[in-house]
Amino acid sequence: MLVLTRKTGEAIHIGDDIQLKVIAVDGDQVKIGIDAPRNVDIHRSEIYEQILEANQQAAQTKNTLDLLKNFKKD
Amino acid sequence: MNVSTVYFGEVTVDSSKIIQFENGLPGFNDAKEFVLIDIEGNPTFQVLQSIGKEDLAFVVTNPFLIYSNYEFDADDQALEKLKLETNEHLVVKCILTLEKPFEQSTINLKAPIIINAQTRQAKQIVLKEDKFHTKHPIQQGGE
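In this report, we go over the structure that sits alongside the text. This structure is a prediction, so every number in the text was calculated from the model and none was measured.

Reading the values: rules and limits
Residues numbered from 1 in each chain as written. Chains lettered and ligands numbered in written order. Predicted model: local features only at pLDDT ≥ 70, side-chain atom pairs only at ≥ 80, totals over all residues. Heavy atoms only, no water. Helix = DSSP H or I, 4+ residues; strand = E, 2+ residues; numbered from the N terminus. Buried < 20%, exposed > 50% of the residue type's maximum accessible area, 1.4 Å probe, protein only. Contact = heavy atoms within 4.5 Å. Areas by Shrake-Rupley, 256 points an atom, 1.4 Å probe, with all protein chains shown as cover. Salt bridge = Lys/Arg side-chain N within 4 Å of Asp/Glu carboxyl O. Core = buried A, V, L, I, M, F, W, Y, C linked by side-chain atoms within 4.5 Å.

The next point concerns the overall build of chain B. When you go through chain B residue by residue, the secondary structure sums to one helix and eleven strands. The C-alpha extent of chain B, read off along each of the three principal axes, is 40 × 40 × 25 Å. Across the 143 residues that make up chain B, the buried fraction comes to 50%. If you take every contact in chain B between residues at least 6 apart in sequence, the share linking residues at least 24 apart comes to 53%. Just so you have it, chain B exposes about 7100 Å², and 44% of that area is on carbon and sulfur atoms.

Okay, structure coming up:
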């Protein structure tokens, strides 16, 4: 992993069109501003990982169609 | 066209019914084309089957059938991208994680799939609302 040291107000460019800027630092919290094209999805990593994990679990549906077929909704 | 499926063997799909996920789904970024297949005898659920990855399929449902007061603000970028300025062509599906017994299965309300029924473009979006997570019980009344 590339590690760079930045001060408040300084920024990092990723490629031509993504910029990360350190807005503020307060204790162990860092406020980061992100400029990116609108088609780039930006997520907090822990949330994205939850979604990814949920999708992977949901995709393991072998042998479960029978469950669905037998399920009678009230 | 014929599509190999996880559950139904080979099925014939009208190619106008193909749903495009431009960026795939989280965890399956290269699965870009899917089709919704009805489950015989069970109108509540459908299978979202990948085209090209025959072993990839999700069981999905209209979340409002299970959580009638489900409501969210999708971010404008996603709606803009899918050209969903109005709700007219908006279709929402949520992915289920199936468990045995079936009543213990869960629904992902945190990351619904939004579909433009007219253009067949779709995207799994991630909601900001903290009250939603990836595993809500499907049992009525369960929270």
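That was the structure; now back to the text.
Okay, the pattern of salt bridges next. Evaluated as defined, the whole model comprises five salt bridges over all chains. Salt-bridge contacts for R6 of chain A lead to E10 of chain A; the nearest nitrogen and oxygen are separated by 3.2 Å. Overall, the relative accessible area of 37% leaves R6 of chain A in the partly exposed class. We classify E10 of chain A as partly exposed; its relative accessible area is 27%. Two residues, R38 of chain A and E80 of chain B, come together in a salt bridge whose shortest N-O distance is 3.3 Å. Highlighted residues: R38 of chain A in the loop between strand 3 (29–35) and helix 1 (45–58) and E80 of chain B in helix 1 (residues 76–81), drawn from two different chains. Classification of R38 of chain A by relative accessible area gives partly exposed; the value is 48%. In this structure E80 of chain B comes out as partly exposed when scored by relative accessible area, which is 41%.

All names here are of chain B. One finds Y70, F72, I107 and I114 to be the most contacted residues of the largest nonpolar core, which totals 27 residues. Broken down by secondary-structure element, the contributors of at least two residues to this core are strand 5 (42–50), strand 6 (57–61) and strand 7 (90–97). Considering every element that reaches this core, the biggest residue donor is strand 7, with three residues. What Y70 contacts, discounting residues up to four positions off in sequence, is P63, F64, C94, L109, P112, L127 and F132.

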